[in-house]
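# Architecture and fold: a report
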Amino acid sequence: MPGRAGDRLRAAEREYAHDRFESAPPPRRNDDRPRQSERVERPAARPRTAAPAGRESRLRGVLAVVGIFLLTLAGCGIDSFVGTGLGLITLIALAASTSMAALLVRRRDLLTVVVAPPLVFVLVAVVNAALAPSATLNAATLATLLVRGFPTMAAATGVALLLALFRLVSRR
């Protein structure tokens, strides 16, 4: 370090300079900061809410909702092809994709997954009514789809709520 006594000595005196200063404590600088050699390394504090490394998911809530939508839309397509309208296959697709998302999403995005099933179902119903060749997209058709789809929306929301509470209680 420039400015230290040992640096200003001539080459012949540098050999013996460490003998003079070895027993004395190192001189303190004018400021009260400890030197790099005197600093005590402390481990970084972990936040209390953080899960152990490797267990926390990185799936964002928005991506989980997109996944719920795509899987429910696929189930709706199968349901429309096999039967009439949104039925049991759509219910299974929405509940299964919502439960998968509730288990895989980051803990801070759980609320997004819990409120998503009704919104996803409405969007799937609109897409289904818009693409169906025999249906017309009007308020009466949409109201009928939503009234008939209420048990599906309630079941998927209930599944998401139970899994979210389980994850919050077990801190997973």
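Because the structure is a prediction, the values reported are computed rather than measured.

Between helix α5 (residues 139-148) and helix α6 (residues 150-170), whose axes approach to 4 Å, the crossing angle comes to 45°. In terms of axis orientation, α5 runs oblique to α6. For the pair α5 and α6, the contacting residues are Leu 146, Val 147 and Arg 148 in the first and Phe 150, Pro 151 and Met 153 in the second. A breakdown of the residues in the contact of α5 with α6 according to their chemical character gives five nonpolar, no polar and one charged.

Right, let's get into the pattern of salt bridges. With the rule as written, the count across this model stands at one salt bridge. In this structure, Arg 106 engages Asp 109 in a salt bridge whose closest nitrogen and oxygen atoms are separated by 3.0 Å. Given a relative accessible area of 13%, Asp 109 falls into the buried group.

Structurally, Thr 98 can be placed in helix α3 (residues 88-104). Excluding its chain neighbours within four sequence positions, the residues that come into contact with Thr 98 are Ile 68, Val 113, Pro 117, Ala 156 and Ala 160.

Looking now at the environment of Ala 129. Following the sequence through the fold, Ala 129 ends up in helix α4 (residues 110-131). Along the primary structure Ala 129 and Thr 141 are separated by 12 residues, whereas in three dimensions their C-alpha atoms are 7.8 Å apart. Not counting chain neighbours up to four residues away, the residues in contact with Ala 129 comprise Ala 135, Leu 137 and Leu 145.

Computed from the structure, the largest pocket encloses a volume of approximately 350 Å³. Thr 84, Gly 85, Leu 86, Asn 128 and Leu 145 are the residues nearest the centre of the largest pocket, which is lined by 16 residues in total. Only α4 and α5 provide two or more residues apiece to the lining of the largest pocket. Considering every element that reaches the lining of the largest pocket, the biggest residue donor is α5, with four residues. Split by residue class, the lining of the largest pocket holds six nonpolar, nine polar and one charged.

Here we take up a nonpolar patch on the surface. On the surface, Leu 71, Met 100, Leu 103 and Leu 104 cluster together into a nonpolar patch covering about 360 Å² of accessible area. Element by element, the count of residues in the nonpolar patch is highest for α3, at three residues. Within the secondary structure layout, Leu 104 lies in helix α3. On the basis of relative accessible area, Leu 104 is assigned to the partly exposed category, the value being 45%.

Moving on: the nonpolar core. Generally speaking, soluble globular proteins have nonpolar side chains that are buried together. Membership of the largest hydrophobic core comes to 23 residues, with the highest contact counts inside it found for Ile 68, Leu 86, Leu 94, Val 113 and Val 120. Of all the secondary structure elements, the ones that give two or more residues to this core are α2 (61-82), α3, α4 and α6. By residue number, the principal contributor to this core is α4, which donates nine residues.

So, about the packing of α4 against α5. The geometry of a pair of packed helices is captured by two quantities: the angle between their axes and the separation between those axes. Taken N-terminus to C-terminus, the directions of α4 and α5 make an angle of 135°; their axes are 10 Å apart at the nearest point. By the angle between their axes, α4 is oblique relative to α5. With respect to the hand of their crossing, α4 and α5 are arranged in right-handed fashion. On the side of α4, the interface is formed by Phe 121, Val 122, Ala 125, Val 126 and Ala 129, while α5 contributes Leu 142, Leu 145 and Leu 146. Residue classes in the contact of α4 with α5 are distributed as eight nonpolar, no polar and no charged.

To continue, consider α6. Over its 21 residues, α6 runs 30 Å from end to end, which matches the ideal 30 Å to within 8%, given 1.5 Å per residue. Burial in α6 covers these residues: Thr 152, Met 153, Ala 156, Ala 160, Ala 164 and Arg 167. In an axial view of α6, the angular spread of the buried residues amounts to 95°, which keeps them on one side of the axis. In this structure, α6 carries Phe 150, Pro 151, Leu 162 and Val 169 as exposed residues pointing more than 90 degrees from its buried face. Tucked into the core, α6 has its buried residues touching α3, α4 and α5. Trailing α6 by a residue or two, Arg 171 shows a phi angle of about 60°, which is positive.

What counts as what
Residues numbered from 1 in each chain as written. Predicted model: local features only at pLDDT ≥ 70, side-chain atom pairs only at ≥ 80, totals over all residues. Heavy atoms only, no water. Axes fitted to C-alpha atoms, helices over the stretch in contact; angles between N-to-C directions. Helix = DSSP H or I, 4+ residues; strand = E, 2+ residues; numbered from the N terminus. Parallel < 35°, antiparallel > 145°, perpendicular 65-115°, else oblique. Contact = heavy atoms within 4.5 Å. Nonpolar A, V, L, I, M, F, W, Y, C, P; charged D, E, K, R; others polar. Salt bridge = Lys/Arg side-chain N within 4 Å of Asp/Glu carboxyl O. Buried < 20%, exposed > 50% of the residue type's maximum accessible area, 1.4 Å probe, protein only. 1 Å grid on protein atoms, 1.4 Å probe; cavity = no way out; pocket = protein on both sides within 12 Å on 5 of 7 lines; lining within 4 Å. Points joined across faces, edges and corners; volume = space filled by probe spheres on them. Patch = residues over 30% accessible without salt bridge, like charges linked within 9 Å, V, L, I, M, F, W, Y side chains within 5 Å. Areas by Shrake-Rupley, 256 points an atom, 1.4 Å probe, with all protein chains shown as cover. Core = buried A, V, L, I, M, F, W, Y, C linked by side-chain atoms within 4.5 Å. Left-handed = near helix turned anticlockwise from the far one by under 90°. Expected span 1.5 Å × (residues − 1). Arc of directions from axis to C-beta.

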